[in-house]
Amino acid sequence: MPAIIDKIAQVLHIHKQTFDHAKVTVIFVLGGPGAGKGTQCSHLVQDFGFCHLSAGDLLRAEQHREGSQFGELIQNCIKEGTIVPMEVTVKLLENAMAAALKEGRAGDGWADGRGRFLIDGFPRKMDQALKFDEDVCKASMVLFFSTTEEVMLARLLERGKTSGREDDNAESIKKRFNTYKETTMPVIEHYRSLGNVAEIDSSASVEAVHIEAKAAVQKILDK
Ligand code: UDP
Ligand code: MG
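- Looking up the protein in an unreviewed UniProt entry gives the name Uridylate kinase, with the organism given as Mycena rosella.
- The protein has a UniProt comment under Sequence similarities (unreviewed entry) that states "Belongs to the adenylate kinase family. UMP-CMP kinase subfamily."
- What the UniProt record of the protein gives under Function (unreviewed entry) is the line "Catalyzes the phosphorylation of pyrimidine nucleoside monophosphates at the expense of ATP. Plays an important role in de novo pyrimidine nucleotide biosynthesis. Has preference for UMP and dUMP as phosphate acceptors, but can also use CMP, dCMP and AMP."

## Regarding unusual backbone geometry
Reasoning step 1: Look at the link from Phe122 to Pro123: it is a cis peptide, with omega at 0°.
Reasoning step 2: Looking at where Pro123 falls in the secondary structure, it is placed in the loop between strand E3 (115–120) and helix H6 (126–136).
Reasoning step 3: Despite not being glycine, Asp112 has its phi angle at roughly 55°, a positive value.
Reasoning step 4: Counting through the fold element by element, Asp112 comes out in the loop between helix H5 (86–102) and E3.
Reasoning step 5: Assessed through its relative accessible area of 70%, Asp112 is described here as exposed.

## Focus on the sheet that holds E3
Reasoning step 1: Overall, parallel pairing links the 5 strands, which are arranged E2-E3-E1-E4-E5 in an open sheet. For this open sheet the edge positions go to strand E2 (51–54) and strand E5 (197–201), each flanked by a neighbour on one side alone. With strand direction ignored, the average angle separating the axes of adjacent strands in the sheet is 20°.
Reasoning step 2: Relative to strand E4 (residues 141–146), strand E1 (residues 24–31) runs parallel, the two sharing 5 bridges. Each bridged residue has a counterpart across the sheet, and for Ile27 the counterpart in E4 is Met141.
Reasoning step 3: H5 contacts E1, E2 and E3 of the sheet and is inclined by roughly 150° relative to E3.

## Structural notes on a nonpolar patch on the surface
Reasoning step 1: Together, Ile4, Ile8, Val11 and Leu12 give the surface a local cluster of nonpolar side chains, amounting to about 390 Å² of exposed area.
Reasoning step 2: Residue position: Ile4 is located in helix H1 (residues 2–11).

## Overview of the UniProt feature "binding site: ATP" (unreviewed entry) in the protein
Reasoning step 1: UniProt's entry tags Gly34, Ala35, Gly36, Lys37, Gly38, Thr39, Arg159 and Ala204 with the feature "binding site: ATP" (unreviewed entry), counted in the numbering of this structure.
Reasoning step 2: Looking at where Gly34 falls in the secondary structure, it is placed in the loop between E1 and helix H2 (37–48).
Reasoning step 3: Judged by relative accessible area, which is 13%, Gly34 ranks as buried.
Reasoning step 4: Not counting residues within four places of it along the chain, the set of residues in contact with Gly34 comprises Met152, Arg155 and Leu156.
Reasoning step 5: Position of Lys37 among the secondary structure elements: in helix H2.
Reasoning step 6: By relative accessible area, Lys37 is classed as buried at 9%.
Reasoning step 7: Setting aside residues no more than four positions away along its own chain, Lys37 makes contact with Val29, Leu30, Gly31, Gly32, Asp120, Gly121 and Phe145.

Each value, and the rule that gives it
Here the residue numbers are simple positions, counted from 1 along each chain's written sequence. In the order they appear in the text, chains get letters beginning with A and ligands get numbers beginning with 1. With pLDDT at 70 or above as the cut-off, local features in this predicted model cover only qualifying residues; side-chain atom pairs require 80 or more to be listed or tallied, and sums for whole chains, interfaces and linings still use all residues. Only heavy atoms go into the side-chain values, all of them from the structure, while hydrogens and water stay out. UniProt positions are given in the numbering used here, feature names are shortened, and annotations may be inferred rather than shown by experiment. Numbering of helices and strands runs from the N terminus; a helix is a DSSP stretch of H or I covering at least four residues, while a strand is a stretch of E covering at least two. Note on classification: 1.4 Å probe, protein chains only; a residue is buried when its accessible area is under 20% of the maximum for its type, exposed when over 50%, partly exposed between these limits. In short, DSSP must find at least two bridges between two strands for them to pair. Only the contacting stretch of a helix is used when fitting its axis, a line to C-alpha atoms as for every element, and angles between N-to-C directions run 0 to 180 degrees. Only heavy atoms matter for contacts: two residues are in contact if any of them lie within 4.5 Å across the pair. Residues enter a patch when their relative accessible area is above 30% and they make no salt bridge; the linking distance is 9 Å between like charges and 5 Å between nonpolar side chains (Val, Leu, Ile, Met, Phe, Trp, Tyr). With residues, only the protein chains shown are counted as cover, and all accessible areas are computed by Shrake-Rupley using a 1.4 Å probe. We define a salt bridge as a side-chain nitrogen of Lys or Arg found within 4 Å of a carboxyl oxygen belonging to Asp or Glu.

Here it is, written out as structure tokens:
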């Protein structure tokens, strides 16, 4: 039976996503650099048992992987605050999701190809968003952490004292803010026009923002 369905899909040019939206829940977590995505994701993992995948962390791991053909490209994009070609990032995410599902790490208590993922810092550009939705898995919602550039800059400079990240310096931060405004905001607006964005003001303390974020995710999961 599945073979017949595959054949029909092929003939009709219907794309099937790698992961079934009915079994796999994906929430995109967006917001400017330093908006608090990673911090809030760790709390949400504890609340709801998500598998947390940070696109930036996956890219940094690939950058340092011995034998990677993308190391230099990734390093350059990260330092310049530009977006790595989507094929690379989408594939890294898809592989990480598949591995988590296979190894039973797709969220606490999830098995049999079921799972829930928080995808942090992705999609940052329209082409990535469309490709992921079409080929990998349809996302349920976007959790959007918004705050001012002043707040983000202060947080990034503070983080830069210990993060060792090549992009937590004033020059790279400026470029990252530009990419965020010009390239990532349209992605957020796209999902907003579909009614799929939960916006949270992340200017307050970690604890206060966490309370809001937890409530927003609960609402998404209850749908
Ligand atoms: N990046 C990318 N594509 C993505 C996500 C990240 O090219 O889908 C690159 C981009 O250069 C970005 C950098 O990775 O500036 C760091 O991303 P990360 O999410 O770690 O930054 P954060 O938002 O946490 O400050
Ligand atoms: Mg981050």
